[in-house]
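Chain residues, written in single-letter form:
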Amino acid sequence: MAPRLAFTEDNALRIAAVERAFAPSGKSLSKPGRVLVGEGRLMKLCRRSLQPKMFFLFNDIIVYGSIVVHRLWYKNQHIIPLEDIVIEDLADSLEMKNQWLLRTPKKSFYMSAASEKEKQAWICHIIECREQQLISSRKEPTTSFATTLIPDRASQICMRCVDKFTVTQRRHHCRQCGFVVCNSCSKCRIVIPAISKKPVRVCTLCFNTLLCEKAKEEAGKRSSDGFDLEMPVYEASSDEDSDEREEDDMMPIQWAKPQIIYHPKNTRFAYLK
């Protein structure tokens, strides 16, 4: 499917439309051989709540962002190489139907679709594109993934010191273990290369553990290089997953139309027209 669409004018126009929707802060998405396979609105479990996000599946990357105006304007663009993705199919829970887990080295999060059919369509297309990308790029698949952050509402107390959260005792997240913790238990910052080049918030326990691991690594290499970290400081929580405006209607999933229609698992998909 991808090779047949890669050099079509229609494909180029679709990619250009996505670029414009993320302007002016979004990165360029045009690239020789890149194909926009499908797009659709999905729910992403953020720190505070489920939030609608717009997802675009290309033959080599996944792009998603927050919805400002449907089909016209998106913000907070995120780009994930398909080599870095692993999908875990999940059963329905009380709070999330048609859900699955998307793992990456930088961030792992739960997603859900409007129906089981759309869920299976996304999973099948992501897995197929990822397998093709691994073959064409000859890269090794990623084996180390970020932990999933426990949602704020899952705990009323700090998961380290058990102090109760209040208006002034805010919730924070350790980026290493994903626990919901208070400010006193998460004053430390350290660089976790897979997540960020800058120091990120971690709880005291993870901070000490990471320091020990770093010390052992440095001792093994007999290197005199110092640790790439910052000492404990106070800092506000990241607003990367701040609450987004809810939309009235779910936008149906759309997929690029191949020359030959195929039906994985006997499921018919709605392709991009």
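These lines cover the structure that appears in this document, whether it is placed above or below.

Rules used in this analysis
Residues numbered from 1 in each chain as written. Predicted model: local features only at pLDDT ≥ 70, side-chain atom pairs only at ≥ 80, totals over all residues. Heavy atoms only, no water. Helix = DSSP H or I, 4+ residues; strand = E, 2+ residues; numbered from the N terminus. Buried < 20%, exposed > 50% of the residue type's maximum accessible area, 1.4 Å probe, protein only. Contact = heavy atoms within 4.5 Å. Areas by Shrake-Rupley, 256 points an atom, 1.4 Å probe, with all protein chains shown as cover. Pairing = 2+ DSSP bridges. Core = buried A, V, L, I, M, F, W, Y, C linked by side-chain atoms within 4.5 Å. Expected span 1.5 Å × (residues − 1). Salt bridge = Lys/Arg side-chain N within 4 Å of Asp/Glu carboxyl O.

## Focus: the overall build of the chain
Then, number 1: The helix and strand tally for the chain stands at 4 helices and 14 strands.
Then, number 2: When each of the 273 residues of the chain is scored for burial, the buried share is 45%.
Then, number 3: Here the contacts in the chain between residues at least 6 apart in sequence split such that 52% fall between residues at least 24 apart.
Then, number 4: Summing over all exposed atoms, the chain offers an accessible surface of approximately 15000 Å²; the carbon and sulfur share of this is 54%.

## Notes on the environment of S186
Then, number 1: Inspection of the secondary structure assignment puts S186 in the loop between β9 (180-181) and β10 (188-190).
Then, number 2: On the basis of relative accessibility, which here comes to 0%, the residue S186 falls in the buried class.
Then, number 3: Taking C-alpha positions, S186 is 9.4 Å from C206, a pair spaced 20 residues apart along the chain.
Then, number 4: When residues no more than four places from it in sequence are discounted, the contact partners of S186 are H172, V181, R201, V202 and C203.

## Details of the side chain of E83
Then, number 1: With respect to the element layout, E83 can be found in the loop between β4 (73-81) and β5 (86-89).
Then, number 2: Filtering out sequence-adjacent residues up to four positions away, E83 remains in contact with D60, R130, Q133, L134, S137, K139, P141 and T142.

## Considering the pairing of β4
Then, number 1: Of the pairings in the sheet, the one linking strand β3 (residues 61-69) to β4 comprises 7 bridges and is antiparallel in character. Note that in β4 the partner of I67 across the bridge is Y74.
Then, number 2: Turn length for the β3-β4 hairpin, with the two strands adjacent in sequence and antiparallel, is 3 residues, and the turn residue R71 shows positive phi of about 70°.

## Some points on the nonpolar core
Then, number 1: Counting 20 residues, the largest nonpolar core has F55, L57, I62, I85, W100 and L102 as the members making the most contacts within it.
Then, number 2: Here this core gets 4 residues from one element, more than from any other, and that element is helix α3 (residues 116-137).
Then, number 3: Of all hydrophobic cores here, the second largest spans 18 residues; its members include V180, C188, V200 and V202.

## A few points about α3
Then, number 1: The end-to-end C-alpha distance of α3 is 31 Å, a good match for the 32 Å that 22 residues give at a rise of 1.5 Å each.
Then, number 2: Of the residues one or two after α3, R138 is the one with positive phi, at around 60°.

## Things to note about the pattern of salt bridges
Then, number 1: The tally for this structure, following the rule as stated, stands at 9 salt bridges.
Then, number 2: Between D10 and R14 there is a salt bridge, and its shortest N-O distance comes to 2.6 Å. Of the two residues, D10 and R14 are both situated in helix α2 (residues 9-22); the distance of 4 residues between them amounts to about one turn of the helix.
Then, number 3: Here D60 and K31 are joined by a salt bridge, their closest N and O atoms 3.8 Å apart. Taken as a pair, D60 in the loop between β2 (50-58) and β3 and K31 in the loop between α2 and β1 (36-45) lie far apart in primary sequence, 29 residues in all.
Then, number 4: Taking the relative accessible area as the measure of exposure, D60 reaches 8% and is therefore buried.
Then, number 5: Classification of K31 by relative accessible area gives partly exposed; the value is 46%.
Then, number 6: Taken together, the salt bridges that share partners define one network made up of K31, R34 and D60.

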